[in-house]
Amino acid sequence: MLTDIEIAQQAKMNKIKDVAAMLELGEDDIELYGNYMAKFSDEALDKLKNNKDGKLVLVTAINPTPAGEGKTTVTIGLGQALCRLGKKAVVALREPSLGPCFGIKGGAAGGGYAQVVPMEKLNLHFTGDFHAITSANNLLCAMLDNHLQQGNTLRIDPKRIVIKRCLDMNDRALRNITIGMGARTDGVVREDHFIITVASEVMAILCLAEDLEDLKKRLGAMIVAYNYDNEPVTAEDLNCVGAMALLLKDAIRPNLIQTLENTPAIVHGGPFANIAHGCNSVRATKTALKAADYVITEAGFGADLGAEKFLDIKCRMADLKPDCIVLVATVRALKYNGGVAKDALGSEDLEALGKGIVNLGKHIENLKKFNVPVVVTLNRFVSDTDKELEFVKDYCAKLGCTMTVSEVWAKGGEGGIPLAEDVLKTLDEKESNFKPIYEDDMPIADKITYICKEIYGAGQVVFAKPALNAIKKIEEMGFGKFPVCMAKTQYSLSDDPSLLGRPEGFTMNIREVYVSAGAGFVVALTGTIMTMPGLPKHPAAESINIDADGTITGLF
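All figures in this text were calculated on a predicted structure; none of them were measured in a lab.

Enquirer: Any details on the overall build of the protein chain? Residues and values, ideally.
Expert: Helices and strands together make up the secondary structure of the protein chain, namely 20 helices and 25 strands. Taking 24 Å as the expected radius of gyration for a compact globule of 556 residues, we find that the protein chain reaches 23 Å, a close match to that expectation. Principal axes of the C-alpha set define a box for the protein chain whose edges measure 70 × 55 × 50 Å. When each of the 556 residues of the protein chain is scored for burial, the buried share is 58%. Contacts in the protein chain between residues far apart in sequence, at least 24 positions, make up 75% of those at least 6 positions apart. In the structure as shown, the protein chain presents an accessible area of about 22000 Å², 50% of it carried by carbon and sulfur atoms.

This is the structure we're talking about:
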């Protein structure tokens, strides 16, 4: 059996100019990054603005498990299937981070015969967007430390600096560091921190900005520190916005590649859904909606994280209205939620399936609260039995959802045709009346509590005293109407990764709250979630290599 990277390396890609032509764009409408990757030009984005919007389909999933779910694979396979049915479809995805690529998860280009290509370039440096984001963020940090060194006329309190440096790599040793050591000219000594690039506010701003002017406005609003009078100091105060925007001038434009079956794929931005808002850029989604009749996009991790943030943050800010939601699950993952060990998931076990399927049920209930039609799809494994598939189908029917088996990993677009037909039928027959689940005017603590109870199923929510103090300050500064971006483990509906299935009545612990004023949301950190991940005992990097002839191995 071929590995994902071997399948990708055998792909027959079309020249990217021919992929652009499928979207009725010419060579002058794209900026080439080799033969198979491109960025949309500003002229192309203007040209597409007058087109009618297509239908927006969001793909999400149950909570991730070691058994695998395949959300990105289904997103890509569904797009390929729609094209096989003669529809004009585009997939809109996030860019992969180097952190999980060399850490534990591997690449993020889909899998099997439902991938986007060129897979190696996408997973490694792509068009340099993440490097630009890292540079812009760290320029701001350098400007701040230089301001401290050069006299600190803004009276910044070194103990209240909130901006963190970033790096697109898992490196736990950089979570807490001391800088400015050495001679007097080497800077002011202070405690500093690193986060992974995808968790940075600059990443969120790039993904939520409508255009370059909006980007600059958002960058300027970033709160980097507080002064001795407890007043916020912004990037604009440090005269850093123009330089940051210059570093991001190319990165803000969406990227165009293709799937294994040459379906256009717009890939842009990459915030994690457990510690950030977990969606690709607004510009990518809106460009896709103008370029195609059907747009298949995804939100990271489980529906309790990525989908909730897509619906409550991204759609709220960008005035997007999803027409349908596809919820991905696997029999193996549901049995894992029912207590079956990973090495025993290949055996039929209806009892465990019945225990674990409540995780799927909770996600269905949650998504229906947004008044959007929901379709369930099961990524089929060879070990899945007919009885298990029927069990899930009957369970979904009782909750008012159709369930379709997906075989896109093994068969590409052909394996996604039943799902594509189900989605088309749902779009034709069911109306979406999308609405976020909470109002702007709710106090911040109430928004956090509402998400914890309504989406996660918590019995009570406990705020640490520093979190309550931060909320009070945030509301005093005029940011009380911002939506909330929860930072939580992806492995459970709770803040405890060991609580599988559908935990109820648990306590959700809010340890820290801060405002991302440029991004336009308030972040609430729960449990022990980290914004700079660490490497596992045996990182994926140990198995990655490149031969003398340039052949890459081990990359997922």
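Enquirer: Any details on the packing of aromatic side chains? Residues and values, ideally.
Expert: Here the structure, examined in full by the defined rule, presents 1 aromatic pair. Residues phenylalanine 479 and phenylalanine 482 carry aromatic rings whose centres are separated by 5.2 Å and whose planes lie at 35 degrees to one another, so their mutual orientation is tilted. Classification of phenylalanine 482 by relative accessible area gives buried; the value is 18%.

Enquirer: Quick one: what's the story with the sheet that holds strand β13 (residues 232–234), residue by residue and with numbers?
Expert: Strand order in the open sheet formed by 3 strands is β7-β12-β13, and the pairing between neighbours is antiparallel. Both edges of this open sheet fall to β7 (156–161) and β13, since each of them pairs with a single strand only. In this sheet, adjacent strand axes meet at a mean angle of 50 degrees when their direction is disregarded. Relative to β13, strand β12 (residues 223–227) is paired through 3 bridges, and the arrangement is antiparallel. In the strand pairing of β13, tyrosine 226 is matched with proline 232. The sheet contacts of helix α7 (residues 129–149) involve β7 and β12, and relative to β7 the element is tilted by about 135 degrees.

Enquirer: Give me the nonpolar core: which residues, what numbers.
Expert: With 144 residues, the main nonpolar core has Leu219, Leu248, Leu360, Val392, Ile448, Ile510 and Val513 as its most contacted residues. Filtering out sequence-adjacent residues up to four positions away, valine 513 remains in contact with Ile448, Ala467, Ala470, Ile471, Ile474, Val522, Val523 and Ala524. Val423, Leu427, Ile552 and Leu555 belong to the second largest nonpolar core, which has 41 residues in total.

Enquirer: A description of the packing of helix α12 (residues 303–318) against helix α19 (residues 444–456) should follow, citing residues and the corresponding values.
Expert: Contact geometry of α12 with α19 gives a least axis separation of 11 Å together with a crossing angle of 125 degrees. Between α12 and α19, the crossing angle belongs to the class labelled oblique. Classified by chirality, the crossing of α19 by α12 is right-handed. Contacts between α12 and α19 involve Asp304, Leu305 and Glu308 from the first element and Ile451, Ile455 and Tyr456 from the second. Split into classes, the residues belonging to the contact of α12 with α19 amount to 4 nonpolar, no polar and 2 charged.

Enquirer: Break down the pattern of salt bridges for me, citing the residues and quoting the values.
Expert: Using the criterion set out here, one finds 31 salt bridges in the structure. Linking glutamate 429 and lysine 425 is a salt bridge whose minimum nitrogen-to-oxygen distance equals 3.0 Å. Taken as a pair, glutamate 429 and lysine 425 lie in helix α18 (residues 417–429) at a separation of 4 residues, close to a single helical turn. Using a relative accessible area of 56% as the deciding quantity, one classes glutamate 429 as exposed. When its relative accessible area of 48% is taken as the criterion, lysine 425 is described as partly exposed.

Enquirer: Tell me about the side chain of asparagine 359, and name the residues and values.
Expert: Position of asparagine 359 relative to the elements: it lies in helix α15 (residues 358–368). Judged by its relative accessible area of 1%, asparagine 359 is buried. Here the side chain of asparagine 359 touches asparagine 63 through a polar contact of 2.9 Å, side chain to side chain. Once you skip the residues sitting within four places of it in the chain, asparagine 359 turns out to touch Ile62, Asn63, Asn337, Leu493, Gly501 and Arg502.

Enquirer: How would you summarise a negative patch on the surface if you had to cite specific residues and measurements?
Expert: Residues Glu27, Asp28, Asp42 and Glu43 make up a contiguous surface patch of negative charge. Tracing the chain through its elements places glutamate 27 in the loop between α2 (16–22) and β1 (30–32). Given a relative accessible area of 54%, glutamate 27 falls into the exposed group.

Enquirer: So what about the sheet that holds strand β22 (residues 507–516)? Which residues, and what values?
Expert: One open sheet accounts for 4 strands, arranged β20-β22-β23-β21; its pairing is mixed. Since the sheet does not close on itself, it has two edges, and those belong to β20 (460–463) and β21 (484–487), each with one partner. Here the strands of the sheet are splayed against their neighbours by 35 degrees on average, with no regard to which way each runs. When β20 meets β22, the two strands line up parallel, connected through 4 bridges.

Enquirer: Would you mind going over helix α9 (residues 212–221) in detail, with residue names and values included?
Expert: Asp214, Leu215, Arg218, Leu219 and Gly220 are the residues of α9 that are buried. As for α9, its buried residues are in contact with α8 (201–208), β13, α10 (241–247) and α12. Where α9 begins, one side-chain oxygen reaches toward the backbone nitrogen of glutamate 213, 3.3 Å away; that side chain belongs to aspartate 211.

Enquirer: Residues and numbers for helix α4 (residues 71–84), please.
Expert: Working note: α-helix, 3.6 residues per turn, so residues spaced by three or four point in the same direction. Over its 14 residues, α4 extends 20 Å from the first C-alpha to the last, a length consistent with the 20 Å expected when each residue adds 1.5 Å. Lys71, Thr72, Thr73, Val74, Thr75, Ile76, Gly77, Leu78, Gly79, Gln80, Ala81 and Leu82 are the residues of α4 that are buried.

Enquirer: Residue-level account of the side chain of serine 41, with values.
Expert: Following the sequence through the fold, serine 41 ends up in the loop between β2 (38–40) and α3 (42–48). Within polar-contact distance, the side chain of serine 41 engages the backbone nitrogen of alanine 44 at 3.0 Å. Apart from the residues lying within four places of it in its own chain, the contact partners of serine 41 are Asp28, Asp29, Ile30 and Arg253.

So, how was this worked out
Residues numbered from 1 in each chain as written. Predicted model: local features only at pLDDT ≥ 70, side-chain atom pairs only at ≥ 80, totals over all residues. Heavy atoms only, no water. Helix = DSSP H or I, 4+ residues; strand = E, 2+ residues; numbered from the N terminus. Rg over C-alpha atoms; globule rule 2.2 N^0.38 Å. Buried < 20%, exposed > 50% of the residue type's maximum accessible area, 1.4 Å probe, protein only. Contact = heavy atoms within 4.5 Å. Areas by Shrake-Rupley, 256 points an atom, 1.4 Å probe, with all protein chains shown as cover. Phe/Tyr/Trp six-rings, centres within 6.5 Å; stacked < 30°, edge-to-face > 60°. Pairing = 2+ DSSP bridges. Axes fitted to C-alpha atoms, helices over the stretch in contact; angles between N-to-C directions. Core = buried A, V, L, I, M, F, W, Y, C linked by side-chain atoms within 4.5 Å. Parallel < 35°, antiparallel > 145°, perpendicular 65-115°, else oblique. Left-handed = near helix turned anticlockwise from the far one by under 90°. Nonpolar A, V, L, I, M, F, W, Y, C, P; charged D, E, K, R; others polar. Salt bridge = Lys/Arg side-chain N within 4 Å of Asp/Glu carboxyl O. Polar contact = N/O pair within 3.5 Å; in protein donor to acceptor, adjacent residues only side chain to side chain. Patch = residues over 30% accessible without salt bridge, like charges linked within 9 Å, V, L, I, M, F, W, Y side chains within 5 Å. Lys, Arg positive; Asp, Glu negative; His and termini not counted. Charge placed at Lys NZ, Arg CZ, Asp CG, Glu CD. Expected span 1.5 Å × (residues − 1).

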